[in-house]
Amino acid sequence: MYKLVCIDMDGTLLDSNFTIPAENIRVLREAIKKGTEIALVSGRPYNIGKYFANIIAPQVHVIGTNGTYFRYKNVSYEKNLNREQIKKIYEVISKYDLTVHFKGYNKLISNVPVEIDHPYKRVNPMLKEEDRIQFVENASIDNLLDADNGDIFKAISFNRNRDFIGMVKNAKEELKQYSDLEVVSSNELNFEVMNAGTSKAEAIKILSSYLKIDKSEIMCIGDNENDISMIDYAALGVAMGNGSDEIKAVADYITDTNDNAGVAKAILKFIINEDS
């Protein structure tokens, strides 16, 4: 029996409208009643993950910013970027004229204005005031360093114009040359940068040790490159039907798409109906 199910959010738990399909909520609640631990493991900040976790059930665990931050009881797990790494990332991204968002568990610092319909700005009014994401926009390197309190865990750089895909790729490759940085993508128009040794799998390993759950009892579900580490780590790795070819190649099972409640279908198959 799988005792811990770890689920990516974007492209996996969430549909194309940035909402959780009702069938996913229903089946996850059923799995929790059966005694299964659920963890949302996302590139999104912890507070955004917690908002979606609470829609499902208050006991759902959250691992934020690509495995760099989570809380368990009175313990906080943190893998922050240091100031030299932050400066290095900012300089490379500026060289290629890309957008960058530096993220903490409750903050987003951007080198350009953040669009008014950004998902975090849409969710913010629904959060308690103390949990709302703080925005710093049009940030220079000095603004960025002033806003850093040792709580910047990840940078994500992107350009939504496909004409810039070569610039995104070049910046990603340049940053991958630094041994103190971990660089992965969640789609071909972005890349994410964390401290070396950081991954979703590493955070899951630590959370599962707190929960006293063995690796053989872990199931993970994801859709893209930044989920490969946890798909590889899990006893059962599930790729979404809308997932990348790379993640499908390493998965043990491929479920339906995020818009067709693929998470629910996988959990019904491997958790709910395992004794049927």
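Residues numbered from 1 in each chain as written. Predicted model: local features only at pLDDT ≥ 70, side-chain atom pairs only at ≥ 80, totals over all residues. Heavy atoms only, no water.

Observations concerning the sheet that holds strand 7 (residues 107–110)
Note the following rule: By definition, two strands form a pair when at least two bridges between them are found by DSSP. The secondary structure listing takes helices from DSSP runs of H or I that are at least 4 residues long and strands from runs of E that are at least 2 residues long, numbered from the N terminus. Between N-to-C directions, angles span 0 to 180 degrees; the directions come from axes that are lines fitted to C-alpha atoms, helices contributing only their stretch in contact. In this analysis, two residues are considered to be in contact whenever any of their non-hydrogen atoms come within 4.5 Å of each other.
On the basis of which strands lie adjacent, the open sheet formed by 6 strands has the order 8-7-6-9-11-10 and mixed pairing. Looking at strand neighbours, the two that pair on one side only are strand 8 (134–136) and strand 10 (181–184), the edges of this open sheet. Here the strands of the sheet are splayed against their neighbours by 20 degrees on average, with no regard to which way each runs. Examined bridge by bridge, strand 10 and strand 11 (residues 190–195) share 4 bridges and lie antiparallel to one another. Residue pairing in the sheet places Val184 in a bridge with Glu192 of strand 11. Along the sheet, helix 4 (residues 83–95) contacts strand 6 (99–103), strand 9 (154–158), strand 10 and strand 11; its crossing angle with strand 6, the most-contacted strand, is approximately 165 degrees. In this fold helix 7 (residues 165–176) packs onto strand 10 and strand 11, with an angle of close to 15 degrees to the strand it touches most, strand 11.

Considerations on the side chain of Lys88
Stated precisely, the cut-off is as follows: The buried label applies to any residue whose accessible area, calculated with a 1.4 Å probe on protein chains only, is under 20% of its type's maximum; exposed applies above 50%, and partly exposed to all values in between.
Structurally, Lys88 is set in helix 4. Looking at Lys88, the relative accessible area reads 18%, which means it is buried.

Notes on the state of the cysteines
Which entries qualify depends on this criterion: For the purposes of this analysis, a disulfide is any pair of cysteine sulfur atoms at a distance within 2.5 Å.
In total, this model carries 0 disulfides according to the counting rule given. We note that Cys6 lacks a disulfide partner, and the nearest cysteine sulfur, in Cys220, lies 4.3 Å from it.

Some thoughts on unusual backbone geometry
Phi at Asn66 is positive, roughly 60 degrees, even though this residue is not glycine. As for its position among the elements, Asn66 is in the loop between strand 3 (61–64) and strand 4 (69–72). With a relative accessible area of 2%, Asn66 lands in the buried category. One non-glycine residue, Lys73, lies in the positive phi region at around 55 degrees. Within the element layout of this structure, Lys73 appears in the loop between strand 4 and strand 5 (75–78).

Bear in mind that shape data such as this cannot, by itself, settle questions of function.
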